[in-house]
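Each chain, written out:
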Amino acid sequence: MVDLAAVKAAGEAKQKAEKARAEAARTGGVAPTRLVFDVDEAGFQQDVLQRSTEVPVVIDFWAEWCEPCKQLGPILERLTREYAGRFVLAKIDVDANQMLFQQFGVQGIPAVFAVVAGQPVPLFQGAAPEAQIRQVLDQLIQAAEQQFGIVGVPVQDEGDEGGEAVAQQPATPYDGALAAAHEALDAGDLGGAVQAYKNVLADDPGNTEAKLGLAQAELLSRVEGTDAQQVRKAAADNPADPAAQIAAADLDLVGGHVEDAFGRLVEAVRRTVGEDREAARLHLLGLFEVIGADDPRVVSARGALARVLF
């Protein structure tokens, strides 16, 4: 069975991330170096491609001699800080990184691209007005969350060591209700746990810990009383049936075979089209919620999902 303590820890980590992002946006206490950084060819794999599995990476192609770049750059940097971790900004000097310039097929600068789950996305070219830039960024963030479950990263003050300041946030009105929900889940009262988490979400729809707890409780409810042998046989006999693969993936996850569950649904997405593909994709995103967005297995599966979708 999935480790409930690990699930709870993942929920707390995500809740801290959301609090950090909200506090940074409120106070302006964001360290720009955490969000805006220079990238060269040597660091592109780690700084852009790997990072894009956790947060959308916007790329600003620029050069010192480019006057429109000097107008656009400060706007992008200011918006990056304002969005407080919903995306990060990688700045690439085209004179020093001709290979990256060519690989992206840039026709002129300034040029702005994004990388989401390892996949490049052209955004716009030229010194666009701020209103247009905001619209493009909002669309990028929405697509990253809906397609891959990528919601960005927490940001911290430079003086915040390890996020301890975030961890010391005051108690919320829902702590007691969440504790009761966790106890019901630990005790195997799945119906009670589901209802308790839903009660919290009815008053606080953005409560990350309740969302994760509900995903866990609903997963366990789905597999309760199922014939595991029959479910696995149906999945083996019908590899293109998304419903069969979804049921087997639930069993995989509850049994602790996280990579198998994710791989099964990524393959189901690859094999299917239309509503069947969408059902498999959405279920996979739901299983990501059970494990937690920061888990490396989730990060890896997001990349695999992107490769079969594009």
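A short tour of the structure in this document, coming up.

Quick notes on the rules
- Within any chain, residue numbers begin from 1 and follow the written order of that chain's sequence.
- Totals for whole chains, interfaces and linings use all residues, but because this is a predicted model, local features are given only for residues with pLDDT of at least 70 and pairs of side-chain atoms are given and counted only at 80 or more.
- Side-chain numbers here rest on the full set of heavy atoms in the structure, without hydrogens or water.
- Put simply, DSSP marks the helices as runs of H or I at least four residues long and the strands as runs of E at least two long, and each gets a number from the N terminus on.
- With a 1.4 Å probe rolled over the protein chains alone, any residue whose accessible area is under 20% of its type maximum counts as buried; one over 50% counts as exposed, and the rest are partly exposed.
- Accessible areas in this description were obtained via Shrake-Rupley with a 1.4 Å probe; residue shielding takes into account the shown protein chains only.
- Pairing between strands is defined by DSSP: at least two bridges between them are needed.
- Axis lines are fitted through C-alpha atoms, for helices just across the contact stretch, and the angle between N-to-C directions can take any value from 0 to 180 degrees.
- Contacts are residue-level and defined by heavy atoms, with any inter-residue pair within 4.5 Å sufficient.
- Roughly parallel refers to an angle under 35 degrees, roughly antiparallel to one over 145, roughly perpendicular to one between 65 and 115, and oblique to any angle outside these ranges.
- Gly falls in the polar group here, along with every residue not listed as nonpolar (Ala, Val, Leu, Ile, Met, Phe, Trp, Tyr, Cys, Pro) or charged (Asp, Glu, Lys, Arg).
- Every crossover in which the path from the first strand over the helix to the second runs clockwise, viewed with the strands pointing away from the viewer, is termed right-handed.
- We call a pair of cysteine sulfur atoms a disulfide whenever their separation is within 2.5 Å.
- Throughout this description, the term nonpolar core refers to a set of buried Ala, Val, Leu, Ile, Met, Phe, Trp, Tyr and Cys residues connected via side-chain atoms within 4.5 Å.

1. Let's talk about the overall build of the protein chain
Part 1 of the reasoning: Looking only at helices and strands, one finds 15 helices and 5 strands in the protein chain.
Part 2 of the reasoning: For the protein chain, with 310 residues in total, the buried portion stands at 47%.
Part 3 of the reasoning: Here the protein chain has roughly 14,800 Å² of accessible surface; of this, 50% comes from carbon and sulfur atoms.

2. Comments concerning the sheet that holds strand β2 (residues 57-62)
Part 1 of the reasoning: Across the sheet, 5 strands lie side by side as β1-β3-β2-β4-β5; this open sheet has mixed pairing. If you trace the sheet from one side to the other, it starts and ends with β1 (36-38) and β5 (119-125), each paired once. On average, adjacent strands in this sheet sit at an angle of 25° to one another, irrespective of strand direction.
Part 2 of the reasoning: Strand contacts of helix α6 (residues 130-148): β2, β4 (111-116) and β5, with the helix running at about 165° to β5, the strand carrying the most contacts.

3. What to know about the packing of helix α13 (residues 258-271) against helix α15 (residues 296-309)
Part 1 of the reasoning: Two elements in contact, α13 and α15, have axes whose closest approach is 9 Å; the angle formed by their N-to-C orientations is 10°. Between α13 and α15, the interaxial angle falls into the category roughly parallel. Along its contact with α13, which presents Val258, Glu259, Phe262, Val266, Val269 and Arg270, the element α15 presents Arg297, Val298, Ala301, Ala304, Leu305, Val308 and Leu309.
Part 2 of the reasoning: Classifying every residue of the contact of α13 with α15 by side-chain character gives 10 nonpolar, no polar and 3 charged.

4. Let's talk about the pairing of strand β3 (residues 88-93)
Part 1 of the reasoning: Counting buried positions along β3 gives 5 out of 6 residues, so the element sits mostly inside the fold.
Part 2 of the reasoning: Taken together, the 3 bridges between β1 and β3 define a ladder with parallel strand orientation. Within the sheet, the bridge partner assigned to Asp38 lies in β3 and is Lys91.
Part 3 of the reasoning: Pairing analysis gives 6 bridges linking β2 to β3, with the strands arranged parallel. Each bridged residue has a counterpart across the sheet, and for Ile59 the counterpart in β3 is Ala90.
Part 4 of the reasoning: Once the chain exits β2 it traverses helix α4 (residues 67-83) before rejoining the sheet at β3, and the crossover so formed is right-handed.

5. Quick notes on the state of the cysteines
Part 1 of the reasoning: Using the criterion set out here, one finds 1 disulfide in the structure.
Part 2 of the reasoning: Note on cysteine connectivity: Cys66 is disulfide-linked to Cys69, with sulfurs 2.4 Å apart. Where Cys66 bonds to Cys69 through sulfur, the torsion about that S-S bond is close to 80°, and the disulfide is right-handed. Each of the two residues, Cys66 as well as Cys69, counts as buried.

6. A short note on the nonpolar core
Part 1 of the reasoning: Counting residues in hydrophobic clusters, the biggest one holds 92 residues, and the most contacted among them are Ile59, Phe61, Ile109, Phe124, Tyr197, Leu253 and Phe262.
Part 2 of the reasoning: With residues near it in sequence (within four places) discarded, Phe124 still touches Leu72, Leu76, Ala111, Val112, Gln132, Ile133 and Val136.

7. What to know about unusual backbone geometry
Part 1 of the reasoning: Cis geometry marks the peptide bond from Ile109 to Pro110; its omega dihedral reads 0°.
Part 2 of the reasoning: Structurally, Pro110 is set in the loop between α5 (98-103) and β4.
Part 3 of the reasoning: Of note, the phi angle at Ala84 is positive, near 50°, even though the residue is not glycine.
Part 4 of the reasoning: With respect to the element layout, Ala84 can be found in the loop between α4 and β3.
Part 5 of the reasoning: A residue is classified by how much of its surface remains accessible, and Ala84, at 1% relative accessible area, is buried.

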